[in-house]
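Observations on the model geometry
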Amino acid sequence: MENVIIRRAEFNECPELAKIKGEVWNTTYRGIYADEALDNYDIAKNTRIFEQIRNNPGIELVLAEVDGKIVEGIDANRLVLDHPLTVQQ
């Protein structure tokens, strides 16, 4: 049984979120976007973007963990999560 947790991302998790975003874009958009754009995905640049989102008080950076592994990150305007949400499947 998978344990899924949705929670606020920590600042130090921004590099992992940038890496996951690159993997998702590469598998999802290959053949849709130019290979050059996907091949030149910049993890450091996207890490800085996630850090800016994380530091913005008007945006909440949220991630999903499955069995302790980060699998996705999202941001939402003024989303407030007072407690982590746990969903068991």
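Below: a short report on this structure. The numbers attached to residues start from 1 for each chain and follow its sequence in the written order. Where totals are concerned, whole chains, interfaces and linings use all residues; where local detail is concerned, this predicted model gives features only for residues with pLDDT of at least 70, and gives and counts side-chain atom pairs only at 80 or more. Hydrogens and water molecules were not included; the side-chain quantities draw on all heavy atoms of the structure.

What about the overall build of the chain?
In this text, helices come from DSSP runs of H or I with a minimum length of four residues, and strands from runs of E with a minimum of two, each type numbered from the N-terminal end. Assigned secondary structure in the chain consists of 3 helices and 4 strands. Taken from the N to the C terminus, the helices and strands of the chain come in the order β-α-α-α-β-β-β. Burial classification: accessible surface area is computed with a 1.4 Å probe over protein chains only, and a residue below 20% of its type maximum counts as buried, one above 50% as exposed, and the rest as partly exposed. Out of the 89 residues belonging to the chain, those deemed buried represent 27%. Surface exposure of the chain reaches about 6100 Å², of which carbon and sulfur atoms provide 51%. For the area figures, the Shrake-Rupley method with a 1.4 Å probe applies, and any residue is considered shielded solely by the protein chains shown.

Looking at the nonpolar core
Judged by nonpolar contacts, Ala9, Cys14, Leu17, Ala18, Ile20, Phe50, Ile53, Leu61, Leu63 and Ile70 together constitute the single largest core of 10 residues. Secondary-structure elements contributing two or more residues to this core are α1 (14-29), α3 (43-55) and β2 (59-66). Tallying contributions element by element places α1 first for this core, with 4 residues. What makes two residues a contact is simply this: any of their non-hydrogen atoms within 4.5 Å. Discounting residues that sit within four places of it in the chain, leucine 63 has contacts with Ile5, Ile6, Arg7, Ala9, Glu13, Leu17, Ile70, Glu72 and Gly73. In this text, buried Ala, Val, Leu, Ile, Met, Phe, Trp, Tyr and Cys residues form a nonpolar core when linked through side-chain atoms within 4.5 Å.

Describing the side chain of arginine 7
Here arginine 7 shows up in strand β1 (residues 3-8). Residue classification places arginine 7 among the buried positions, given a relative accessible area of 16%. There is a polar contact of 2.5 Å between the side chain of arginine 7 and the side chain of glutamate 13. Whenever two N or O atoms come within 3.5 Å, that pair is a polar contact, provided that in protein one can donate a hydrogen and the other can accept it, and provided that, for residues adjacent in sequence, both atoms are side-chain atoms.

Concerning the packing of α1 against α3
In this description, a line fitted to the C-alpha atoms serves as the axis of each element, helices being fitted only across the stretch in contact, and the angle between N-to-C directions of two axes falls anywhere from 0 to 180 degrees. Between α1 and α3, the shortest axis-to-axis distance is 8 Å and the interhelical angle comes to 125 degrees. With respect to α3, the axis of α1 lies oblique. Handedness of the α1/α3 crossing: right-handed. Contacts from Cys14, Pro15, Leu17, Ala18, Lys19 and Lys21 in α1 reach Ile43, Asn46, Thr47, Phe50, Glu51 and Arg54 in α3. Residues belonging to the contact of α1 with α3 are distributed by class as follows: 6 nonpolar, 2 polar and 4 charged. Any angle that falls under 35 degrees is termed roughly parallel, while one over 145 is termed roughly antiparallel, one within 65 to 115 roughly perpendicular, and all others oblique. Here a crossing is called left-handed whenever its near helix is offset anticlockwise from the far helix by less than a right angle, and right-handed whenever the offset is clockwise. Following the grouping adopted for this structure description, the nonpolar residues are Ala, Val, Leu, Ile, Met, Phe, Trp, Tyr, Cys and Pro, the charged ones are Asp, Glu, Lys and Arg, and the polar ones are all others, Gly among them.

Focus on the packing of aromatic side chains
Geometrically, a pair of aromatic rings is defined through the distance of the ring centres and the angle of the planes. Put simply, two rings from Phe, Tyr or Trp (the six-membered ring, in Trp's case) pair if the centres are within 6.5 Å, and we call them stacked under 30 degrees between planes, edge-to-face over 60, tilted for the rest. Within the structure shown, the criterion is met by 3 aromatic pairs. Geometrically, the ring pair formed by tryptophan 25 and tyrosine 33 is stacked, given 5.6 Å between the ring centres and 15 degrees between the ring planes. In this structure tyrosine 33 comes out as partly exposed when scored by relative accessible area, which is 40%. Ring pairs connect the aromatic residues Trp25, Tyr29 and Tyr33, which therefore count as one cluster.

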